[in-house]
Amino acid sequence: MAKRYWLVKSEPDVYSIEDLERDGRTHWEGVRNYQARNFLREMKRGDRVLFYHSSTTPPGVAGIAEVVREAYPDPTAWDPKSDYHDPASTPENPRWFMVDVGFVERFPEPVPLPLLKEQEALEGMELLRKGSRLSVQPVSKEHFDHVVALGRRKRR
DNA sequence: GCCAACGTTGGC
DNA sequence: GCCAACGTTGGC
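Before going into details, it helps to say that this report is about the structure given with it. (Residues numbered from 1 in each chain as written. Chains lettered and ligands numbered in written order. Predicted model: local features only at pLDDT ≥ 70, side-chain atom pairs only at ≥ 80, totals over all residues. Heavy atoms only, no water.)

**Notes on the pattern of salt bridges**
Applying the stated criterion across every chain, the model contains twelve salt bridges. A salt bridge links R48 to E66; the shortest N-O distance between them is 3.6 Å. Within this pair, whereas R48 is found in strand β3 (residues 48–53), its partner E66 is found in strand β4 (residues 60–73), the two being separated by 18 residues in sequence. Assessed through its relative accessible area of 24%, R48 is described here as partly exposed. For R129, the salt bridge identified is with E126, shortest N-O distance 2.8 Å. The class of R129 is partly exposed, set by a relative accessible area of 48%. Classification of E126 by relative accessible area gives partly exposed; the value is 21%. Overlapping salt bridges, with partners in common, bring together D19, R22 and D23 in one network. (Salt bridge = Lys/Arg side-chain N within 4 Å of Asp/Glu carboxyl O. Helix = DSSP H or I, 4+ residues; strand = E, 2+ residues; numbered from the N terminus. Buried < 20%, exposed > 50% of the residue type's maximum accessible area, 1.4 Å probe, protein only.)

**Examining the protein's contact with DNA strand C**
The immediate surroundings of DNA strand C are formed by N33, Y34, R129, K130, G131 and R133. Each atom of DNA strand C within 4 Å of the protein belongs either to a base or to sugar and phosphate, the latter forming 68%. Residue R129 places a side-chain N or O atom 3.1 Å away from a phosphate oxygen belonging to DNA strand C. R133 is positioned such that a nitrogen or oxygen atom in its side chain is 2.6 Å from a base oxygen of DNA strand C. Residues that form the surface near DNA strand C fall into these classes: one nonpolar, two polar and three charged. (Near = heavy atom within 4 Å. Polar contact = N/O pair within 3.5 Å; in protein donor to acceptor, adjacent residues only side chain to side chain. Nonpolar A, V, L, I, M, F, W, Y, C, P; charged D, E, K, R; others polar.)

Remember that the coordinates give geometry; whether it matters functionally is a separate question.
What follows is the structure in C-alpha cells.
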C-alpha cells in the first residue's frame, strides 16, 4: 500500500508544532466529526501529515508529522471530565478513534494561508475550499510536496 | 424523511 | 466580534 498524505488542523493554543517537537509524539485525540474520524481510520504508519495551525493570524501550515500508531479507540470520549466527552461512546462500543503522530519537521515559519491560496499548483486542495471545516483531510502527494517546498523555502 | 433550530468551526 | 458554512438534533 502506497504511502498517503494528510493534513490535520490544531489550534496552537491547544497543541502546536512546537509542542509536538518538544514531545516527540502525541495522541491525536478529540476528533468528533465522522468524516474526519473515517480519514483517521485510513491512516497507516509512516503516512506523512501536514500540521496546520488554525485560528492564528494568519493561519498556516507549520510543519510535518507522521503517523506512528494507527487508529485505536479514543478514551477521552468516555471520560466525563474530558472536554471531548461523548456518552454515546463506550469502551465496549467505541465511536471515536485517534492515532498517534510523531514529529518530523518544523518549518522556519508557517506557510501562511494567503500564500497557499495564491498557488495555482494547489488548486482543488480541500483546505482551500470555501467553508471547509474538515479537521482531518487527505492531501495529494503533489499538493503535499508543493506545500513542503514552500515551507522550506526562505521567504520575504 | 423533512427541515427548522441550534451549535461549532474557523477565517476575517 | 461577525458570520458563512457546515453538522447535529429532534419534532413532526
